[in-house]
Every structure is written in C-alpha cells, then in structure tokens.
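# Observations on the model geometry
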Amino acid sequence: MKPVLLITGASRGIGAATAILSAKAGWDIVVNYTQNKAAAQTLCKQLEALGAKTLCVQADVGVESQILSMFAQIDAHFGTLNGLVNNAGVVDMTSNVVDMSWERLDRMMRINILGTIACSREAIKRMSTERGGKGGSIINLSSVAAKLGGAANYVDYAASKGAIDSFTTGLSRELATQGIRVNAVRPGIIDTEIHASGGQPNRAKDSAGLVPMQRAGTAEEVGKAIVWLLSSDASYTTGAVLDVSGGR
Ligand code: NAP
C-alpha cells in the first residue's frame, strides 16, 4: 500500500504542483480545496493517471468543524495517514496595519495559523508512534515575508508566517521521538494566483528585480523542496525552515 498524503489548498498553485510531484514520488493524495471543485477534480484525474489513489475534500481550514470532517473522510476512505502539507494560506489587499479591520485579521490568522495547527493536531493523532501510528512527516508553508515583515503591504500575513516558523521549531522538538518529522518551506515570490487574490496580479513579474536571481520562482520549484522534505531522503532533517526564494 502506498503512503497517504494530505495537501491542504491543493486545487492550484504550490499545492497542485506538490500533488503532481508527490504522486510521481509514490504517494496517494488527499486533495483539499475550499471553492474550486472543478480544479480539484481535474487535478485528481491527473493524479490518478499517474497511478495515485485520490480523495477530493472540500473543507475550509479556517473552520474547525470542517477540518474534523475532512479527517473523518480520510479515515473512512484510506484508513491511514502518513504525511501532511499545510499549504492552504491566504493574503489580503495591500494595507497599512493602521487600516486593518478585525475581520481581516481574524480571517488571516484563522486560515494561516489556526488551520495549520489544527490540521497538524489531527495528523499527529493518526501518525504518532505514541498513539499507535506509523510515524510521518509534516511540512508547513511559511514565507520569506516572515523574515522581511511585509511593511506597507501585508504585515499581518508576514506575522502569520512568523508564527508558522515558531510552530515548526516547537512541534518538531515535541514530536522528535514520536516518528514525525516537522519542517517548513519558506517560498519567496512564486508565480501563482495568490498575488491576484491580494490585488496584485502582476506581482510575480513586477517584483523580479527584488530577487537576487532576478526572477520569480515556480510552484514546481517549491514543490520539489516539499517532496524532498517529505521523503526518507530527509530522514535526519526536522525543525528545518528551508528558503526557496532565489536568494531573497
Ligand atoms: P494560491 O495559488 O492562492 O492557492 C491557494 C490554495 O489554497 C487554493 O487551492 C485554495 O483553494 C486553497 N485555500 C485558500 N483558502 C483556503 C482555506 N480556507 N481552506 C482550504 N484551502 C484554502 O496560493 P499559493 O501561491 O499556491 O500559496 C500556497 C502557500 O504558499 C500559502 O500558504 C502561501 O502563503 C505560501 N506562499 C506563497 C508564496 C507565493 O509567492 N505564491 C510565497 C510565500 C508563501 P481554492 O482553489 O478552492 O480557492
């Protein structure tokens, strides 16, 4: 039986690229999405053509009851879980902190932080060797914004990703003897639709000059780092935060 990997926010962007690379690397895949059912279903067909078994699950990781329902569906369908990529994440429109509404902050922190922590909690219950699991691997999506701070753009997003770095360090140490490795990938400017959702559709192209390598990265370049960290080739790597940012 192949190992089973849950990728949150896998219907497009970095999550979808990671799903394809993971299927090629021998994983069965749970594709989570919130809105874009058609894209998620198309991706599942692609993954099945690569030999992977799939499960497509609609769930908002900013809502605990939907996370619990997603894991119950995984239990019923696969009966096991071996890996988790906490990829689902959102930005918001460019803003100074002084103008940020409570609703904006609440949405950002629920999806980016609480979703990651609660999905990890549910994965630990199923993977920890202390709870009868077979161990596993968790990858969290941070951002170089965690280092740079996102001033006059999205400090709230940067702060949410700073929390992901701390969570990765702490959880990796907490689980080090429970067969679960925990690592983070910290992408720089990657060419996906996330920038359009923050009102800057040309950001990847326009920001190339800010990157030492003078270009945006691709979702596949981030996915390859994730797939390596998931794999047994990274068996002695836990608590790492790997920049995939063209030197930024
Ligand atoms: P993207 O293209 O905007 O895709 C986001 C994915 O997350 C979609 O599959 C979306 O599903 C899903 N999603 C959004 N909100 C969700 C929720 N509440 N619950 C479950 N799924 C949800 O994003 P991306 O650029 O691939 O980014 C992926 C991750 O990398 C994020 O954590 C992001 O912060 C991080 N990152 C990205 C960049 C970059 O430059 N792109 C840089 C640094 C870090 P639907 O299709 O159903 O809406």
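Refer to the preceding data block for the structure.
Residues numbered from 1 in each chain as written. Predicted model: local features only at pLDDT ≥ 70, side-chain atom pairs only at ≥ 80, totals over all residues. Heavy atoms only, no water.

## A short note on the overall build of the chain
Helices and strands together make up the secondary structure of the chain, namely nine helices and seven strands. Relative to the globule expectation of 18 Å for 248 residues, the C-alpha radius of gyration of the chain, 17 Å, shows essentially globular dimensions. C-alpha atoms of the chain, sized along the principal axes, occupy 50 × 35 × 35 Å. Out of the 248 residues in the chain, the part that is buried amounts to 52%. Of all intrachain contacts in the chain linking residues separated by at least 6 positions in sequence, the fraction that spans at least 24 positions is 73%. (Helix = DSSP H or I, 4+ residues; strand = E, 2+ residues; numbered from the N terminus. Rg over C-alpha atoms; globule rule 2.2 N^0.38 Å. Buried < 20%, exposed > 50% of the residue type's maximum accessible area, 1.4 Å probe, protein only. Contact = heavy atoms within 4.5 Å.)

## Details of helix 6 (residues 155–174)
Taking 1.5 Å per residue as the helical rise, helix 6 with its 20 residues ought to reach 28 Å, and the 28 Å between its terminal C-alpha atoms agrees with that figure. Turning to helix 6, its buried residues number three or more, namely Asp-156, Tyr-157, Ala-158, Ser-160, Lys-161, Ile-164, Asp-165, Phe-167, Thr-168, Leu-171 and Ser-172. Buried-residue contacts for helix 6 involve helix 4 (102–127), strand 5 (136–141), helix 5 (145–148), strand 6 (180–187) and strand 7 (241–244). (Expected span 1.5 Å × (residues − 1).)

## Quick notes on the sheet that holds strand 5
The seven strands are arranged 3-2-1-4-5-6-7 in an open sheet whose pairing can be described as parallel. Strands with a single pairing partner mark the edges of an open sheet, and in this sheet they are strand 3 (54–58) and strand 7. Mean inter-strand twist for the sheet, computed between neighbouring axes without regard to direction, equals 15 degrees. Judged from the four bridges that link them, strand 6 and strand 7 form a sheet pairing that is parallel. Looking across to strand 7, one finds that Pro-187 is bridged to Val-244. Sitting on the sheet, helix 1 (residues 13–24) is in contact with strand 1 (4–7), strand 2 (28–33), strand 5 and strand 6, with an inclination near 170 degrees to strand 1. Along the sheet, helix 4 contacts strand 4 (83–86), strand 5 and strand 6; its crossing angle with strand 4, the most-contacted strand, is approximately 180 degrees. (Pairing = 2+ DSSP bridges. Axes fitted to C-alpha atoms, helices over the stretch in contact; angles between N-to-C directions.)

## What about the packing of helix 1 against helix 9 (residues 219–230)?
The contact between helix 1 and helix 9 brings their axes to 8 Å, and the two run at 55 degrees. One way to sum up the angle between helix 1 and helix 9 is to call them oblique. Considering the relative orientation of helix 1 and helix 9, their crossing is right-handed. Taking contact as the criterion, the partners of Gly-13, Ile-14, Ala-17, Thr-18, Leu-21 and Ser-22 in helix 1 are, on helix 9, Ala-219, Glu-220, Val-222, Gly-223, Lys-224, Ile-226, Val-227 and Leu-230. When grouped by side-chain class, the residues that make up the contact of helix 1 with helix 9 number eight nonpolar, four polar and two charged. (Parallel < 35°, antiparallel > 145°, perpendicular 65-115°, else oblique. Left-handed = near helix turned anticlockwise from the far one by under 90°. Nonpolar A, V, L, I, M, F, W, Y, C, P; charged D, E, K, R; others polar.)

## What to know about unusual backbone geometry
With a phi close to 60 degrees, Ala-152 is a non-glycine residue in the positive phi region. Considering the arrangement of structural elements, one finds Ala-152 in the loop between helix 5 and helix 6.

## Topic: the side chain of Asn-153
Here Asn-153 lies in the loop between helix 5 and helix 6. Among the polar contacts listed, one links the side chain of Asn-153 to the side chain of Thr-94, at a separation of 2.9 Å. With sequence-adjacent residues up to four places away left out, Asn-153 is seen in contact with Met-93, Thr-94, Ser-95, Arg-104, Gln-200 and Arg-203. (Polar contact = N/O pair within 3.5 Å; in protein donor to acceptor, adjacent residues only side chain to side chain.)

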